[in-house]
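Structural characterization, general
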Amino acid sequence: MTGASQQQMPPFKPADVLNAHIMGDERSMYALFDYLRANDPVARVEHPDYLPFWSLSRYDDIKRIGSENDRFLSAPRTVLIPTVFEEALLDRFGTRNGLETLIHMDRPKHLKLRKVTREWFLPRSIESLRAEVQALSKEFVDKMQEMGSECDFVRDIALLFPLRIILSILGLPRESEATMLKLTQEMFGSQDPSLQRADSQTAGLDVLNDFGAYFSEVIEDRKKNPRDDLATVLANAQVDGEPMNVLDQASYFIITATAGHDTTSAAIGGGMKALLEHPDQLELWREQPELDIGAAKEIIRWVSPVRHMVRTATESLELHGKQINAGDNIALWYPAANRDPEAFDHPNRLDLLRDPKQQLAFGYGSHMCLGQHLAALEVSCFFRELLPRLKDMQFNGEPEWVKAIFVGGLKSMPVRYSLR
């Protein structure tokens, strides 16, 4: 092949969104989305290991599909899963997703189950947790100080701080932290050789079974010994006057315990990296506490921990000259939307003064993240504690990203630092 021919080859192809190595690297992922937005914003993806789907990379298209929840459904396919694993989940659980959580449901069931925990995640309820979150923020910054001048910011701090908070809300013991972290990483990091349980077709099923076994014991305990915690609410919840379906109940526990900390961990870890790369923004945030919530949401836009969701069209439509038929699957790529230059000025610049309402990291429409206020509180409280005490921080090794296409973030970031 000549040099001229090599230059004519496109740098990416649509199926690269399924490549965990490309998606598990910040630079290559955003380069891929830049290419798709400019050249193939409604891309047909064909891959031997996955059912075909359409891939959207522009902000306006993703927001539109995400907002029309009755025309573009979350069921039956919510996340991009290899066909072999999808069929195994269908055989084992009767659903192609393996779980039946809020993100997998449509109306009216979605609204009914969302109400089960809605009160716990309203702004006023989250605000009542502020003192506890602030105390834990101090505890983890104190931990950094006790560790001396070096740590792996992700493994030692970012992964553990939100985990402790969500387990506290659920009413689960600190002794469960290691189990929850391991299972969460095995579930969301199933494509990462360093995190996956095993490179086999049954590993994902085994992880879900272990989650189910753990939470079955919690459910039984809270039915017999109710407490003032979220686990008691879920264990004793009723829908339409009947106890919650067993699969729905187990799924509710799993998604609360996993997404309730993993995405926030990704935001804190990736946010620290972004602040080190934008020292002017670090100084701005340090000096202006009034920026806390808005800055936290800009951090979450920047990281966009949830990479995608899938919707199924209920009717045919044409989008940018492409014909999408009823029944077709559509993948919505949130990091692509959140770096779209048509929607954001200088999208590849961290800007803590940016209007936080525009970003799509929490999704859009009726499926907008139930835990968004808790995530913003955790991120804001942690950095409000850390930044005034931080005299200096530098990278002490190359940051590493989780190899994943669904939920992603840093898995390691060695740093050197000094604290006041």
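Within any chain, residue numbers begin from 1 and follow the written order of that chain's sequence. Totals for whole chains, interfaces and linings use all residues, but because this is a predicted model, local features are given only for residues with pLDDT of at least 70 and pairs of side-chain atoms are given and counted only at 80 or more. To get the side-chain values, all heavy atoms of the structure are used, and hydrogens and water are removed first.

The next subject is the overall build of the protein. Helix and strand definitions here come from DSSP, where helices need a minimum of 4 consecutive H or I residues and strands a minimum of 2 consecutive E residues; each element is numbered from the N-terminal end. A count of helices and strands for the protein gives 18 helices and 14 strands. The reference for a compact globule is 2.2 Å times residues^0.38; the radius of gyration itself is calculated from the C-alpha atoms. For a compact globule of 420 residues, the expected C-alpha radius of gyration is about 22 Å, and the protein comes in at 21 Å, within 12% of that figure. For the protein, the C-alpha atoms occupy an extent of roughly 55 × 55 × 40 Å along the three principal directions. Any pair of residues with heavy atoms lying within 4.5 Å of one another is described as a contacting pair. For the protein, the share of sequence-separated contacts (at least 6 apart) that also reach a separation of at least 24 residues comes to 72%. Accessible surface for the protein amounts to roughly 17800 Å². Of this, 50% is attributable to carbon and sulfur atoms. Each accessible area is a Shrake-Rupley estimate made with a 1.4 Å probe; only the visible protein chains count as cover when residues are assessed.

Take the buried residues of types Ala, Val, Leu, Ile, Met, Phe, Trp, Tyr and Cys, join any two whose side-chain atoms come within 4.5 Å, and each joined set is a nonpolar core. Exposure is judged per residue with a 1.4 Å probe applied to protein chains only, and the accessible area is read against the type maximum: over 50% gives exposed, under 20% gives buried, and values in between give partly exposed. Counting residues in hydrophobic clusters, the biggest one holds 116 residues, and the most contacted among them are Phe153 and Met272. The element contributing the most residues to this core is helix 14 (residues 246–277), with 11 residues. Once residues lying within four places of it in the same chain are set aside, the contact partners of Met272 are Phe153, Leu282, Phe383, Leu386, Leu390, Met393 and Met413. In this structure, Ala15, Leu18, Leu80 and Val310 belong to the second largest nonpolar core, which totals 21 residues.

Moving on: the sheet that holds strand 7 (residues 308–313). Being paired, for any two strands, means DSSP has found at least two bridges between them. Across the sheet, which stays open at both edges, the five strands sit in the order 1-2-10-7-3 with mixed pairing between neighbours. In this open sheet, the two strands that pair with only one neighbour each are strand 1 (42–47) and strand 3 (72–73). Bridge count for strand 3 against strand 7 is two bridges, and the pairing is antiparallel. Across the sheet, Leu73 pairs through a bridge with Thr312, a residue of strand 7.

Once that is clear, we can look at unusual backbone geometry. The omega torsion of the bond from Ala75 to Pro76 falls at 5°, within 30 degrees of zero and hence cis. On the secondary structure map, Pro76 appears in the loop between strand 3 and helix 5 (83–93). A cis amide bond links Arg107 with the next residue in sequence, Pro108, at an omega value of 0°. With respect to the helices, strands and loops of the structure, Pro108 is situated in the loop between helix 5 and helix 6 (109–118). A positive phi angle is found at Asp240, which is not glycine, with a value near 55°. On the secondary structure map, Asp240 appears in the loop between strand 5 (238–239) and strand 6 (242–243). Note on Asp240: relative accessible area 60%, which makes it exposed. The backbone phi angle of Ser304 is positive, close to 45°, even though this residue is not glycine.

The working definition used for a salt bridge is a side-chain nitrogen of Lys or Arg within 4 Å of a carboxyl oxygen of Asp or Glu. This structure, assessed with the given rule, holds 36 salt bridges. In this structure, Arg164 engages Glu177 in a salt bridge whose closest nitrogen and oxygen atoms are separated by 2.7 Å. In this pair, Arg164 is assigned in helix 10 (residues 161–170) and Glu177 in helix 11 (residues 177–188), connecting sequence segments 13 residues apart. By the burial criterion, Arg164 is buried, and Glu177 matches it. Here the salt bridges do not stand alone but share partners, grouping Arg64, Glu68, Arg71 and Glu315 into one network.

This part takes up the environment of Gly66. By the element assignment, Gly66 lies in helix 4 (residues 59–67). Sequence separation between Gly66 and Leu291 is 225 residues; the distance between their C-alpha atoms is 28 Å. For Gly66, the residues in contact, after removing those within four places along its chain, are Leu332, Tyr364 and Gly365.

Further remarks concern the confidence of the model for the protein. Think of pLDDT as the predictor's per-residue confidence, scored from 0 to 100. For the protein, mean pLDDT is 93; residues scoring 70 or higher make up 97% of the total. Note on residues 1–5: pLDDT is under 50 here. Beyond four places in sequence and across chains, it has two contacts.

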